Amino acid sequence: MARIFITGSTDGLGLMAAQLLSRQGHTVALHARNDTRARDARAALPDNAGVAVGDLAGIAQTSEVAAQVNDLGTFDAVIHNAGVGYYGRKRVQTEDGLSDVFAVNVLAPYLLTALITPPQRLVYLSSGMHHSGDSTMRDPQWATRPWQGSQAYSESKFHVTALMLAVARKWPAVLSNAVDPGWVPTKMGGSSATDDLRLAPVTQAWLAAGDDDDAALVTGRYFHHQQPRPPHPATQSPEVQDRLLAYCADLTKVELPTAVSAD
């Protein structure tokens, strides 16, 4: 059985994936933004391996979350589930002066990937909207552009897909994949969403812990409902990937290790 850490696992898809994996007999550690949500997480999944607490919108707190995870021991898989949506929102600036959509959806997965002891598998939550993303890194914080929430979200999912592919390229010992869970009626997806909520956590759980299916033992793939799909072509460009890595390293002052061996 596997040990798995899931970000943003107090509700929504993160909690659903945690509950599914727990029912399958795996050991799951959770993440909550604050102490109140941590209590909710422990109540929702009493048989947990610990709860890391910290707001992933902040660089310092994200680093603290990584330290807490490492204190819990090594993990076989990490699911980067936490995310910020865009419905009815304006640009929200974090304490670091960043757009919170970029900070939570892109920078936090980057920093956690760099700081958590490398697992055997990494799973990143993307979206079909990443196909509308922009590869130019033109004003990624929306500091000068008029705010467009849906485009900011699309770009963040483009970037996290590129991050997944960069990790797959640089860390061949680690299985790194991304998931489009579909447009489902969660708090983020909204009540108008039309996809099947029951299927939404299945692929990330399968990629994190599936050992009896060779289709899950791959790297550098983008999946929707356990089926590989082609990601935006620009996400596969090493130049685009390296530009993103350099930008995230500059913001966090933490570089992605050049080579790792999964425990």
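Scroll up to find the structure this text is about.
Predicted, not measured: the structure shown is a model, and the values here were computed from it.

Calculation criteria
- Residues numbered from 1 in each chain as written.
- Predicted model: local features only at pLDDT ≥ 70, side-chain atom pairs only at ≥ 80, totals over all residues.
- Heavy atoms only, no water.
- Buried < 20%, exposed > 50% of the residue type's maximum accessible area, 1.4 Å probe, protein only.
- Helix = DSSP H or I, 4+ residues; strand = E, 2+ residues; numbered from the N terminus.
- Pairing = 2+ DSSP bridges.
- Right-handed = clockwise from strand over helix to strand, strands pointing away.
- Contact = heavy atoms within 4.5 Å.
- Salt bridge = Lys/Arg side-chain N within 4 Å of Asp/Glu carboxyl O.
- Axes fitted to C-alpha atoms, helices over the stretch in contact; angles between N-to-C directions.
- Parallel < 35°, antiparallel > 145°, perpendicular 65-115°, else oblique.
- Left-handed = near helix turned anticlockwise from the far one by under 90°.
- Nonpolar A, V, L, I, M, F, W, Y, C, P; charged D, E, K, R; others polar.

Asker: Help me understand the pairing of strand β2 (residues 27–32), please; the structure alone is not making it clear to me.
Answerer: One face of the sheet, then the other: side chains in a regular strand alternate in exactly this way. For β2, the tally of buried residues reaches five of six residues, placing the bulk of the element in the interior. Two elements, strand β1 (residues 3–6) and β2, share three bridges in a ladder whose sense is parallel. What sits directly across from R3, in β2, is T27. On the question of chirality, the crossover connecting β1 to the parallel β2 by way of helix α1 (residues 12–23) is right-handed. In terms of strand pairing, β2 meets strand β3 (residues 51–53) through three bridges, oriented parallel. Counted as the bridge partner of H31 is A52 from β3.

Asker: Looking at this structure, I do not really get the side chain of E155. What am I missing?
Answerer: Along the chain, E155 falls in helix α5 (residues 149–170). On the basis of relative accessibility, which here comes to 4%, the residue E155 falls in the buried class. Ignoring any residue separated from it by four or fewer positions in sequence, one finds E155 in contact with G133, D134, W142 and R145.

Asker: I'm lost on unusual backbone geometry in this one. Help?
Answerer: Glycine aside, negative phi is the norm for most residues, and most peptide bonds take the trans geometry. In this structure, H225 is a non-glycine residue whose phi angle is positive, near 50°. Inspection of the secondary structure assignment puts H225 in the loop between β7 (221–224) and β8 (227–229). We classify H225 as partly exposed; its relative accessible area is 26%. If you check the backbone angles, K253 has positive phi at about 65° while not being a glycine.

Asker: Help me out: how do you make sense of the pattern of salt bridges in this one?
Answerer: Close approach of charged atoms allows side chains with opposite charge to pair. For the coordinates displayed, the defined rule picks out nine salt bridges. Between K170 and D242 there is a salt bridge, with the nearest N and O atoms lying 3.6 Å from each other. Pair noted here: K170 is in helix α5 and D242 is in helix α7 (residues 238–252), with a separation of 72 residues, a long-range link. Residue K170 is classed as partly exposed on the basis of its relative accessible area, which comes to 28%. Salt bridges sharing common partners tie together D139, R145 and E155.

Asker: How should the pairing of strand β5 (residues 121–125) be read in this particular structure?
Answerer: In terms of burial, β5 is a largely internal element, five of the five residues being buried. Pairing geometry for strand β4 (residues 77–80) and β5, over four bridges, is parallel. Following the sheet pairing, V78 is matched in β5 by L122. The pairing of β5 with strand β6 (residues 175–180) spans five bridges and is classified as parallel.

Asker: Honestly, the environment of P238 in this entry has me stumped. Any pointers?
Answerer: Structurally, the position occupied by P238 is in helix α7. Through-space distance from the C-alpha of P238 to that of R169 is 8.5 Å; in sequence the pair is 69 residues apart.

Asker: Hey, could you run me through the environment of A17 in this one?
Answerer: Positionally, A17 belongs in helix α1. Among the residues examined, A17 registers a relative accessible area of 1% and is labelled buried. Taking the C-alpha atoms as reference points, A17 and D250, separated by 233 residues in sequence, lie 32 Å from one another. Sequence-distant contacts of A17, that is, excluding residues within four places in its chain, are made with I6, P201 and Q204.

Asker: Before we go on, may I ask you to explain the packing of α1 against helix α6 (residues 202–209) in this structure?
Answerer: The description of two helices packed together rests on the angle between their axes and the distance between the axes. Interaxial distance between α1 and α6 falls to 9 Å at its minimum, and their mutual angle equals 50°. Between α1 and α6, the angle falls in the class oblique. For the crossing formed where α1 meets α6, the hand is right-handed. Residues L13, A17, L20 and L21 of α1 form the contact with α6, whose own contacting residues are V202, Q204, A205 and A209. Each residue belonging to the contact of α1 with α6 can be placed in one class, and the counts come to seven nonpolar, one polar and no charged.

Asker: How should the packing of helix α4 (residues 100–115) against α5 be read in this particular structure?
Answerer: For the pair α4 and α5, the least separation of the axes is 8 Å and the interaxial angle reads 10°. Comparing the axis directions of α4 and α5 gives the class roughly parallel. For the crossing formed where α4 meets α5, the hand is right-handed. Residues V101, F102, N105, V106, P109, Y110 and T113 of α4 form the contact with α5, whose participating residues are A152, Y153, S156, K157, H159, V160, L163 and V167. The residue makeup of the contact of α4 with α5, split by class, is 10 nonpolar, four polar and one charged.

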